[in-house]
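Structural overview
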Amino acid sequence: MNCIIIEDEPLALERTAGYVRKLPMLNLLATFDNALEALPLLKSQDVDVLFLDINLGEFSGIQLLETTRISSRVIITTAYPEYALKGYDLNVADYLLKPFTFERFVQAVDKVQNSVRSKIQSDFQAKASAQKTFMFVKTEHRLEKVLFSELLYIEGMRDYRKIHLVGKTIMTLQTFGELEKEIPPNVACRVHKSYMVALEKIEAIERERITLKNAGSVVIPISETYKQHFFSHIQ
């Protein structure tokens, strides 16, 4: 992870830089003794972690966070505990009170690394999900392939879910919750406790009812529970 340090006390700066150099997962891009000089680098390069002191003379670390859009994870390093609440209001990753130990420093870095790893995994899963074109559905005796391009709507029928496709239907005991995990959100959306519709197949929406292409005279109701979610989703 690329990181920078903004610290105006030479000894504190050298200590934090020494800690950074001990950790192979960190790459120190630069150090600064004031926040203003760090702004060009923060805006021009990908900085994963910012180690930020609070008292920095004319432009404090708090002012930097309040006035500048920073995408980096911020670890505050300060001798003043009274700013902790303010720091968390500004969504900092951790708050290190000087003089902090190397062990405490590692804890803060681990927290940031886990956050970065979690975001990468989440982004990857979302991208992979959006690229899916089919799923397998458990029927009574087998797994049946369902192409998302053929999906019209899914209907709840007591213990069963009836999947309506172009040209055929499939019955399954899988719940709506299980099916929603398999179907990307850009493919279908829940609109009622008993219905889920394919977004591409929507022909019209009138009086909180949906008509679909290739589905005959079927009209799907939109319930009050799912109304806001559905309309915000299609917009």
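The text that follows walks through the structure, step by step, so that each part is easy to find. None of these values were measured; they are calculated from a predicted model.

For the rest of this paragraph, the subject is the packing of aromatic side chains. Within the structure shown, the criterion is met by eight aromatic pairs. Consider the rings of Phe134 and Phe136, whose centres lie 5.8 Å apart with planes at 85 degrees: the pair is edge-to-face. Taken together, the aromatic side chains of Tyr19, Phe51, Phe100, Phe102 and Phe105 make up a single cluster linked through ring pairs. Note that Lys22 overlies the ring of Phe102, its terminal NZ or CZ placed 4.9 Å from the centroid.

Spatial strand order, β13-β14-β15: three strands in an open sheet with antiparallel pairing. Taken across any chain shown, the strands that pair with only one partner, and hence form the sheet edges, are β13 (202-206) and β15 (219-221). Taking the axes of each pair of neighbouring strands and ignoring which way they run, one obtains an average angle of 25 degrees across the sheet. Of the pairings in the sheet, the one linking β13 to strand β14 (residues 209-212) comprises four bridges and is antiparallel in character. Looking at the pairing, Glu206 lines up with Arg209 of β14.

So, about the side chain of His164. By secondary structure assignment, the location of His164 is in strand β9 (residues 160-165). Sequence-distant contacts of His164, defined by excluding residues within four places in its chain, comprise Glu150, Leu151, Leu152, Tyr153, Glu155 and Thr169.

Structurally, Lys181 can be placed in helix α6 (residues 176-182). In the structure, Lys181 is positioned 43 residues away from Lys138 in sequence and 14 Å away in space, judged by C-alpha atoms.

Turning next to the sheet that holds strand β10 (residues 168-172). Strand order across the open sheet formed by five strands is β10-β9-β8-β12-β11, with antiparallel pairing between neighbours. The open sheet has two edge strands with one neighbour each: β10 and β11 (188-192). The mean angle between the axes of side-by-side strands here comes to 20 degrees, regardless of whether they run parallel or antiparallel. As paired strands, strand β8 (residues 151-157) and strand β12 (residues 195-198) are joined by three bridges and run antiparallel to one another. Looking at β12, one finds that Tyr153 is bridged to Val197.

Together, Phe134, Phe136, Leu143 and Leu147 make up an exposed nonpolar region whose accessible area comes to about 360 Å². The set of elements that each furnish at least two residues to the nonpolar patch consists of β6 (134-138) and β7 (143-147). With respect to the helices and strands, the residue Leu143 is situated in strand β7.

Okay, the pattern of salt bridges next. The final tally for this structure, using the stated rule, is twelve salt bridges. We note a salt bridge from Glu144 to Arg142, for which the minimum N-O separation is 3.3 Å. Assessed through its relative accessible area of 14%, Glu144 is described here as buried. Under the relative-accessibility criterion, Arg142 is labelled exposed at 53%. With a shortest N-O distance of 3.5 Å, Arg190 and Glu180 are connected by a salt bridge. You can see Arg190 sitting in strand β11 and its partner Glu180 sitting in helix α6, a full ten residues away along the chain. A single network of salt bridges, built from pairs that share partners, joins Glu7, Glu9, Asp53 and Lys98.

With that settled, consider the side chain of Thr16. Here Thr16 lies in helix α1 (residues 10-22). Once residues lying within four places of it in the same chain are set aside, the contact partners of Thr16 are Ile5, Phe51, Phe100 and Phe105.

Turning next to the environment of Lys213. By the secondary structure assignment, Lys213 is in the loop between β14 and β15. The exposure class of Lys213 is partly exposed, given its relative accessible area of 37%. The spatial distance from the C-alpha of Lys213 to the C-alpha of Ser149 is 12 Å, given a sequence separation of 64 residues.

Cis geometry marks the peptide bond from Lys98 to Pro99, where omega comes out at -5 degrees. Here Pro99 lies in the loop between β5 (94-97) and α5 (102-131). The backbone phi angle of Arg207 is positive, close to 50 degrees, even though this residue is not glycine. In this structure, Arg207 sits in the loop between β13 and β14.

Calculation criteria
- All chains use their own residue numbering, which begins from 1 and follows the written sequence.
- Totals for whole chains, interfaces and linings use all residues, but because this is a predicted model, local features are given only for residues with pLDDT of at least 70 and pairs of side-chain atoms are given and counted only at 80 or more.
- By convention in this description, side-chain values take in all heavy atoms of the structure and omit both hydrogens and water.
- Centres within 6.5 Å are what make two rings of Phe, Tyr or Trp a pair, Trp counting through its six-membered ring; a difference in plane orientation under 30 degrees is then read as stacked, over 60 as edge-to-face, and the rest as tilted.
- In this scheme, Lys NZ or Arg CZ marks a charge over a ring once it lies within 6 Å of the ring centre and within 35 degrees of the ring normal.
- Only strands joined by at least two bridges in the DSSP assignment are considered to pair.
- Numbering of helices and strands starts at the N terminus; helices are DSSP runs of H or I of at least 4 residues and strands are runs of E of at least 2.
- Note on geometry: axes are C-alpha line fits, over the in-contact stretch for helices, and angles between N-to-C directions span 0 to 180 degrees.
- The contact rule is simple, with two residues in contact once any of their heavy atoms fall within 4.5 Å.
- For patches, a residue must show more than 30% relative accessible area and have no salt bridge; joins then use 9 Å for like charges and 5 Å for nonpolar side chains, namely Val, Leu, Ile, Met, Phe, Trp and Tyr.
- Note on areas: Shrake-Rupley, 1.4 Å probe, and residue coverage restricted to the protein chains presented here.
- Salt bridge, as used here: a side-chain nitrogen of Lys or Arg that lies within 4 Å of a carboxyl oxygen of Asp or Glu.
- Buried means the residue's accessible area, taken with a 1.4 Å probe over protein chains only, is under 20% of the maximum for its type, while exposed means over 50%, and partly exposed covers the values in between.

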